[in-house]
Amino acid sequence: VCLGPLPVDAVGGDALERGRAIARESTLEVPEGVASSEIEATLLGRVGDVVPGPEGVTEVTVEYPLGVFDGSLPQLLNVLHGNISLLPAVRLVDVVLSPALLASFPGPRFGIAGIRERAGEGAAARPLVAAALKPVGLETSALAELAAGFARAGIDVIQDAPGVTDQAPSRFRDRVFRVAEAVGEANIATGGATSYYVNVTGPLESLAERAALAEEAGCGGLLIAPGLMGLEVMRALAASTRLPIMAHPSRGDVGPNRDTGVTPELWYGLLYRLAGADAVVYVNAGGRFSWSIGTCQALNARLRGPLGSLRPALPVPAGGVQADDAPEWFRRYGPETLILIGGSLLARP
């Protein structure tokens, strides 16, 4: 964690003392002397390195014993960023998981290789391109026509925009079958292999039904916003469906240039991957959300890099990517990328 300068009215201490408070809050959650000496010795978090940095920020390493974890994602999140998320000027910047803990999380079922395989033989090594079905308010017939056009043009992945859910102009049950059928017919006509990822974000009680309908309709994948529904919901969905999962970043409550919370590369790059996302959408540099190139490249590295036996996940830069700029982003990020082009593509004939 990185500890920044405390607000004037905050109760604090030096970095070592604050680090010890974080370690205790994330494990035993009781003052010293309340737990038995045996519990203190075996389950209390410990402070490792304390490294002062620029602008009053100090990097503190906290080591957690395996015994505080139960193999579940909620408890992992609770230890890493549960109660400490309520503390001022604390930023979670990196996590190193032990092999035993990593083994609790299967991660992506398909990953980069699986999504490439679904994109057809011609997609074995080239960059991949995605497009979004929007705006909200289009009727199902218009969305199906738009999807068919994208598929005929050779788009690899077509996804519902996150705001396209179950509104009156396009009910989920109608859309999932008609769009999937339109994409399938275009694939037959062109010999292509475009996949349609339907947005299943919505009420929890109907999630299993929506996922089952997507499989029945022949969709290529599912889109979900774990920031709205929860990382554990996405993990459970990934474990139960036979389709790839694309995670959308809506309401991630993270961002660059903050002194609290979780870094984007850790939240989207590590935790989404642990929770089973095969592809992760994030807001690209130069778009309408103004994230830095450094943040995006760090996120790409987290998604693709070695992580025990977990498959690498596919980075999906989005958020205002211009169609004319796609070659430059592929040059920067490499071929193991799925560029999502939204409004820029919709504005073209």
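Residues numbered from 1 in each chain as written. Predicted model: local features only at pLDDT ≥ 70, side-chain atom pairs only at ≥ 80, totals over all residues. Heavy atoms only, no water.

Caption draft 1: Quick look at the environment of serine 72. As for its position among the elements, serine 72 is in the loop between strand 3 (58-63) and helix 3 (73-81). Relative accessible area serves as the criterion here: at 24%, serine 72 is assigned to the partly exposed category. Reaching out from serine 72, the side chain makes a polar contact with the side chain of aspartate 70 at a distance of 2.6 Å. (Helix = DSSP H or I, 4+ residues; strand = E, 2+ residues; numbered from the N terminus. Buried < 20%, exposed > 50% of the residue type's maximum accessible area, 1.4 Å probe, protein only. Polar contact = N/O pair within 3.5 Å; in protein donor to acceptor, adjacent residues only side chain to side chain.)

Caption draft 2: Molecular detail of the packing of helix 3 against helix 10 (residues 231-240). At a minimum axis separation of 9 Å, helix 3 and helix 10 run at an interaxial angle of 150°. Compared by their axis directions, helix 3 and helix 10 come out roughly antiparallel. The hand of the helix 3/helix 10 crossing is right-handed. Packed against helix 3, whose contacting residues are Leu73, Pro74 and Leu77, the element helix 10 presents Leu231, Glu232 and Arg235 at the interface. Counted by class, the contact of helix 3 with helix 10 contains four nonpolar, no polar and two charged residues. (Axes fitted to C-alpha atoms, helices over the stretch in contact; angles between N-to-C directions. Parallel < 35°, antiparallel > 145°, perpendicular 65-115°, else oblique. Left-handed = near helix turned anticlockwise from the far one by under 90°. Contact = heavy atoms within 4.5 Å. Nonpolar A, V, L, I, M, F, W, Y, C, P; charged D, E, K, R; others polar.)

Caption draft 3: Highlighting unusual backbone geometry. Across the junction of lysine 134 and proline 135, the peptide omega takes the value 10°, indicating a cis bond. Relative to the helices and strands, proline 135 is located in the loop between strand 5 (128-133) and helix 6 (140-152). Of note in the backbone geometry, glutamate 29 takes a positive phi value of approximately 60° without being a glycine. Relative to the helices and strands, glutamate 29 resides in the loop between helix 1 (15-25) and helix 2 (37-43). For alanine 89, which is not glycine, the phi torsion reads 55° and is therefore positive. Mapped onto the secondary structure, alanine 89 falls in the loop between helix 3 and strand 4 (90-92).

Caption draft 4: Molecular detail of the environment of alanine 208. Topologically, alanine 208 is positioned in helix 8 (residues 207-217). Measuring from C-alpha to C-alpha, the distance between alanine 208 and glutamine 297 comes to 34 Å, with 89 residues separating the pair along the chain.

Caption draft 5: Molecular detail of the sheet that holds strand 12 (residues 314-318). Strand order in the open sheet formed by eight strands is 12-11-9-8-7-6-5-13, and the pairing between neighbours is parallel. Two strands lie at the open edges of the sheet, namely strand 12 and strand 13 (338-341), each paired on one side alone. Between one strand axis and the next, the sheet turns by 25° as a mean value, whatever way the strands run. Relative to strand 7 (residues 195-199), strand 6 (residues 157-160) runs parallel, the two sharing three bridges. For isoleucine 158, the partnering residue across the bridge sits in strand 7 and is tyrosine 196. Those strands touched by helix 7 (residues 172-190) are strand 5, strand 6 and strand 7, and its axis lies near 170° from that of strand 7. (Pairing = 2+ DSSP bridges.)

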